[in-house]
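Structure at a glance
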Amino acid sequence: MRTLGIAGSLRAGSYNRALLQAARELAPAGMEIAEFDLRELPLYDGDVEAAGDPEPVAALKDAIRSADALLIATPEYNRGVPGVLKNAIDWASRPPLGSPLAGKPVAIMGASTGRGGTARAQEQLRAAVEYSRANVLNDPEVLVPEAYMRFDERGRLTDEETRKEIAALLETLASSTRLAHAA
């Protein structure tokens with residue numbers, strides 16, 4: 001089962017990239033998680049889209065299409081979804097009736113240094129992705145507050161409760177993906 005991992009942060013040492021690394025370690029048998037880097041995506045522009053998707057956008061859409069499922073790790077910036085991640089969703093949602101997100105099983109998780117653990121960002125992200133007709137899991141939720149207390153100095157997730165939550169999320173995503181392919 002090919003799962004596309006997307007981190008909503010561009011920082012190499014971000015906690016959300018570290019969450020994706022932990023997910024790769026905790027993935028159930030048969031699940032492979034490959035990360036797509038959003039760094040090269042241009043800002044969404046309908047005029048640019050009308051002229052044809054730029055190569056980084058085409059690559060994102062192809063990666064989503066070829067994946068069986070998506071796993072998105074989002075930080076929370078100013079109580080919301082980071083612009084780079086929202087921009088990626090805006091591109092991937094196009095065209096409205098031919099979006100590669102349509103019908104795709106999607107799991108969301110997130111880490112932040114604050115106490116909210118990305119609850120607001122996840123709510124906004126869930127709404128944007130669901131609007132594109134993706135099948136977004138509502139639970140289990142993986143909200144990682146005060147991330148600096150849950151990762152070691154090398155960026156490895158050391159919090160056992162969070163590791164269990166990620167493993168449960170991945171099992172649910174795998175089950176949801178199998179059901180979607182069986183239908």
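Look up a bit, the structure's there.
All figures in this text were calculated on a predicted structure; none of them were measured in a lab. Here the residue numbering is sequential within each chain, running from 1 through the sequence in written order. Per-residue local features of the predicted model are confined to residues with pLDDT of at least 70, and side-chain atom pairs are confined, for both listing and counting, to 80 or more; whole-chain, interface and lining totals are unaffected and use all residues. For the side-chain quantities, the full set of heavy atoms in the structure was used; hydrogens and water were omitted.

**Details of the packing of helix α1 (residues 15-26) against helix α6 (residues 160-182)**
Viewed as axis vectors pointing N to C, α1 and α6 meet at an angle of 65°, and their least axial separation amounts to 10 Å. Between α1 and α6, the angle falls in the class roughly perpendicular. Crossing angle aside, the handedness with which α1 passes α6 is right-handed. On α6, the residues touching L19, A22, A23, E25 and L26 of α1 are R163, I166, A167 and L170. Under the convention adopted here, Pro, Cys and the residues Ala, Val, Leu, Ile, Met, Phe, Trp and Tyr are nonpolar, Asp, Glu, Lys and Arg are charged, and Gly plus all remaining residues are polar. Looking at side-chain class alone, the contact of α1 with α6 contains seven nonpolar, no polar and two charged residues. Note on method: axes are straight lines fitted to C-alpha atoms, helices fitted across the in-contact stretch only, with angles between N-to-C directions ranging 0 to 180 degrees. Secondary structure counts use DSSP, requiring at least four H or I residues in a row for a helix and at least two E residues in a row for a strand, with both numbered from the N terminus. By the definition adopted for this analysis, an angle is roughly parallel if under 35 degrees, roughly antiparallel if over 145, roughly perpendicular if from 65 to 115, and oblique otherwise. The crossing is said to be left-handed when, going from far helix to near helix, the turn is anticlockwise and less than a right angle, and right-handed when the turn is clockwise. In this analysis, two residues are considered to be in contact whenever any of their non-hydrogen atoms come within 4.5 Å of each other.

**Remarks on the pairing of strand β4 (residues 105-111)**
Buried residues are those whose accessible area, probed at 1.4 Å on protein chains only, stays under 20% of the maximum for their type, while exposed residues exceed 50% and partly exposed ones sit between those limits. Most of β4 sits out of view: seven of its seven residues are buried. Residue alternation in β4 divides its side chains into two sets, P105, A107, M109 and A111 and V106, I108 and G110, and both sets are buried. At least two DSSP bridges between two strands are needed for those strands to be called paired. The pairing of strand β3 (residues 69-73) with β4 spans four bridges and is parallel. From the neighbouring strand, I72 faces β4, where its bridge partner is I108. Taken together, β3, helix α4 (residues 83-92) and β4 form a β-α-β motif whose crossover is right-handed. Where β4 lies against strand β6 (residues 142-144), three bridges are found, and the strand directions are parallel. Residue A111 lies in a different strand from β6, and its bridge partner there is V144. Orient the strands so they point away from the viewer, and a crossover whose first-strand-to-second-strand path over the helix runs clockwise is right-handed.

**Details of the environment of K104**
Relative to the helices and strands, K104 resides in the loop between α4 and β4. Sequence separation of K104 and L70 is 34 residues, and the distance between their C-alpha atoms is 7.3 Å. Those residues within four positions of K104 in sequence are excluded, and the remaining contacts are I64, R65, A67, D68, A69, L70, A134 and N135.

**A closer look at the side chain of N87**
Relative to the helices and strands, N87 is located in helix α4. In contact with N87, not counting residues within four places along its chain, are L41, P42, L43 and Y44.

**A word on the packing of helix α3 (residues 55-66) against α4**
Viewed as axis vectors pointing N to C, α3 and α4 meet at an angle of 75°, and their least axial separation amounts to 10 Å. The angle between α3 and α4 falls in the class roughly perpendicular. Between α3, through V57, L60, K61 and I64, and α4, the contact on the second element is made entirely by A88, W91 and A92. For the contact of α3 with α4, the residue count by class is six nonpolar, no polar and one charged.

Taken by themselves, the reported measurements are silent on function.
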